[in-house]
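The residues making up each chain are set out below.
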Amino acid sequence: MQPLTLDFYQKYDTLTLAQRLLGCTLVHQSQDGTTAGIIVETEAYLTDDPACHAYRRKTKRNAAMFGPAGTVYVYQIYGMHYCVNIVSGDEGVGEAVLIRALEPTEGIELMEERRGYGMSSAEGRMSKEKPIRHSALSLRHVCNGPAKLVKAMGISIEEHNGTSLLAGNLKIYPSVLEEFEMMTTTRIGITQGADLPYRFYVTGNRFVSRK
DNA sequence: CGCACGATGCTCT
DNA sequence: GAGCATCGTGCGC
C-alpha cells in the first residue's frame, strides 16, 4: 500500500484533515526497527485559534507549522515531553493536527523498550504502569497520549521536526478502519480556546487517551 | 477506578 | 518570570 500523498494533506482544511487522519497508520522505520500504530485521536489547531502555537507569529519553535501540508511539527512540552503534529493548510499559514493517541500495530516490544519498560510478554503485562524494568506495560498504555506515542515511536525533535511525511522514515498510510463512529469534543489540557470542539477520536476505541 | 500533585526546562513576554 | 497541546505516582474508595 502507498503512503498518503501531498494531495491528501493539501485538499482538506485543518478540521477536516484532523478527522480524515483517524484510522490512518503512522509508521516509523528506524535503525532499531519499525513501529506503527493506527491514529485513533487527533486535535486541530487553527491559525485564528488562541491555543495554536502559531496564533501570534512565526518563531523559531513554531516555524515548522508554517511549512507545506504534510510537514512534521515536533515541540517540547513541560520541559520533558514531546508532541507531534501534522502540518496542514497552505504554506505560510500556521495550522496543524496534533496526534493524541495510537493503537499499536507493529513493533510493540520496541515501543515498550523506548517507553522504559522491559520485554513484553502476554502473561507479564500489568494493569498499572510501573517504572520497573522487568515488568511489562499494558498495551493500552503504550501510545494512549501525545507524549507517550512520540516516545514509543522513536520520534524526536532533532530528527523529525520540519521534515516531510512524503519523504524520509516517517510516513502515514491510508485508513484501515472500514467504518467507525467518530466523537467530537473540546481539546484536552489547554486553557485558551478551551471551548472549541476541535478534538476527534474513534468512538469506543480503547487506545484513546480519555473519553 | 479516579483525582491531585510534582517534575522539569524551554519559549516567549 | 510565567506558562505550558503531559505523565506517572500515590492515595483514597
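Details of the structure are given in the entry above.
Attention in this report is confined to the structure presented alongside it. None of these values were measured; they are calculated from a predicted model. (Residues numbered from 1 in each chain as written. Chains lettered and ligands numbered in written order. Predicted model: local features only at pLDDT ≥ 70, side-chain atom pairs only at ≥ 80, totals over all residues. Heavy atoms only, no water.)

All right, on to the overall build of chain A then. A tally of regular secondary structure across chain A gives five helices and eight strands. Ordered by position from N to C terminus, the α and β elements of chain A give α-α-β-β-β-β-β-α-α-α-β-β-β. Here the C-alpha radius of gyration of chain A, 16 Å, is about what a compact globule of 211 residues would show, namely 17 Å. Overall, the C-alpha framework of chain A stretches about 50 × 40 × 35 Å when taken along its three principal axes. By the burial criterion, 48% of the 211 residues in chain A qualify as buried. A fraction of 61% describes how many contacts in chain A between residues 6 or more apart in sequence connect residues 24 or more apart. For chain A, the exposed surface amounts to about 10600 Å²; the carbon and sulfur share of it is 49%. In chain A, the 23 positive side-chain charges and the 23 negative ones have mean positions that sit 8 Å from each other. (Helix = DSSP H or I, 4+ residues; strand = E, 2+ residues; numbered from the N terminus. Rg over C-alpha atoms; globule rule 2.2 N^0.38 Å. Buried < 20%, exposed > 50% of the residue type's maximum accessible area, 1.4 Å probe, protein only. Contact = heavy atoms within 4.5 Å. Areas by Shrake-Rupley, 256 points an atom, 1.4 Å probe, with all protein chains shown as cover. Lys, Arg positive; Asp, Glu negative; His and termini not counted. Charge placed at Lys NZ, Arg CZ, Asp CG, Glu CD.)

Quick look at the packing of aromatic side chains now. The description of two aromatic rings rests on the distance between their centres and on the angle between their planes. Here the structure, examined in full by the defined rule, presents three aromatic pairs. A ring pair is formed by Tyr73 and Tyr75, whose centres lie 5.5 Å apart and whose planes are at 25 degrees; its orientation type is stacked. The burial state of Tyr73 is the same as that of Tyr75; both residues are buried. (Phe/Tyr/Trp six-rings, centres within 6.5 Å; stacked < 30°, edge-to-face > 60°.)

In terms of nonpolar packing, the biggest core is built from 44 residues, with Leu21, Ile39 and Ile172 touching the most fellow members. Apart from the residues lying within four places of it in its own chain, the contact partners of Leu21 are Leu4, Phe8, Ile39, Thr42, Ile86, Val97 and Ile172. (Core = buried A, V, L, I, M, F, W, Y, C linked by side-chain atoms within 4.5 Å.)

With that out of the way, let us pick up the pairing of strand S3 (residues 72-77). Where S3 lies against strand S4 (residues 81-87), six bridges are found, and the strand directions are antiparallel. Residue Ile77 lies in a different strand from S4, and its bridge partner there is His81. (Pairing = 2+ DSSP bridges.)

With that settled, the discussion passes to the protein's contact with DNA strand B. If you check the shell around DNA strand B, you find nine residues, and the closest are Arg56, Arg57, Thr59, Tyr78 and Met80. Counting only the atoms of DNA strand B that lie within 4 Å of the protein, the sugar and phosphate share comes to 59%. In this structure, Arg57 approaches DNA strand B through a side-chain N or O atom, which is 2.9 Å from a phosphate oxygen. When its residues are assigned to classes, the surface near DNA strand B shows two nonpolar, three polar and four charged. (Near = heavy atom within 4 Å. Polar contact = N/O pair within 3.5 Å; in protein donor to acceptor, adjacent residues only side chain to side chain. Nonpolar A, V, L, I, M, F, W, Y, C, P; charged D, E, K, R; others polar.)

A separate point is helix H4 (residues 146-153). Given 3.6 residues to a turn, an α-helix orients residues that are three or four positions apart in the same direction. What H4 keeps buried is the set Pro146, Leu149, Val150, Ala152 and Met153. For H4, the secondary structure elements touched by its buried residues are strand S1 (25-30), strand S2 (33-45), S4, strand S5 (96-106) and helix H3 (108-114). Note on H4: the residue one or two positions beyond its end, Gly154, has a positive phi of about 75 degrees.

Among the structural elements, Thr14 can be located in helix H2 (residues 14-20). Filtering out sequence-adjacent residues up to four positions away, Thr14 remains in contact with Ala44, Tyr45, Leu46, Ser88, Gly89, Glu95, Ala96 and Val97.

Next up on the list: the pattern of salt bridges. Side chains carrying opposite charge are able to pair once their charged atoms draw close together. Summed over the entire model, instances satisfying the criterion amount to five salt bridges. Across the salt bridge formed by Lys11 and Asp7, the nearest N and O atoms sit 3.5 Å from each other. Taken together, the residues span about one helical turn, with Lys11 and Asp7 both in helix H1 (residues 6-11) at a distance of four residues. Judged by its relative accessible area of 49%, Lys11 falls in the partly exposed class. For Asp7, a relative accessible area of 44% puts it in the partly exposed group. Via salt bridges that share partners, Glu41, Glu43, Arg100 and Arg199 belong to a single interconnected network. (Salt bridge = Lys/Arg side-chain N within 4 Å of Asp/Glu carboxyl O.)

This part takes up the environment of Ser164. On the secondary structure map, Ser164 appears in the loop between helix H5 (157-160) and strand S6 (170-173). You can call Ser164 partly exposed: its relative accessible area is 30%. Along the sequence, Ser164 and Ala194 sit 30 residues apart, while their C-alpha atoms lie 29 Å from each other. A distance of 3.0 Å separates the side chain of Ser164 from the backbone nitrogen of Leu166, its partner in a polar contact.

Just distances and angles here, no functional claims.
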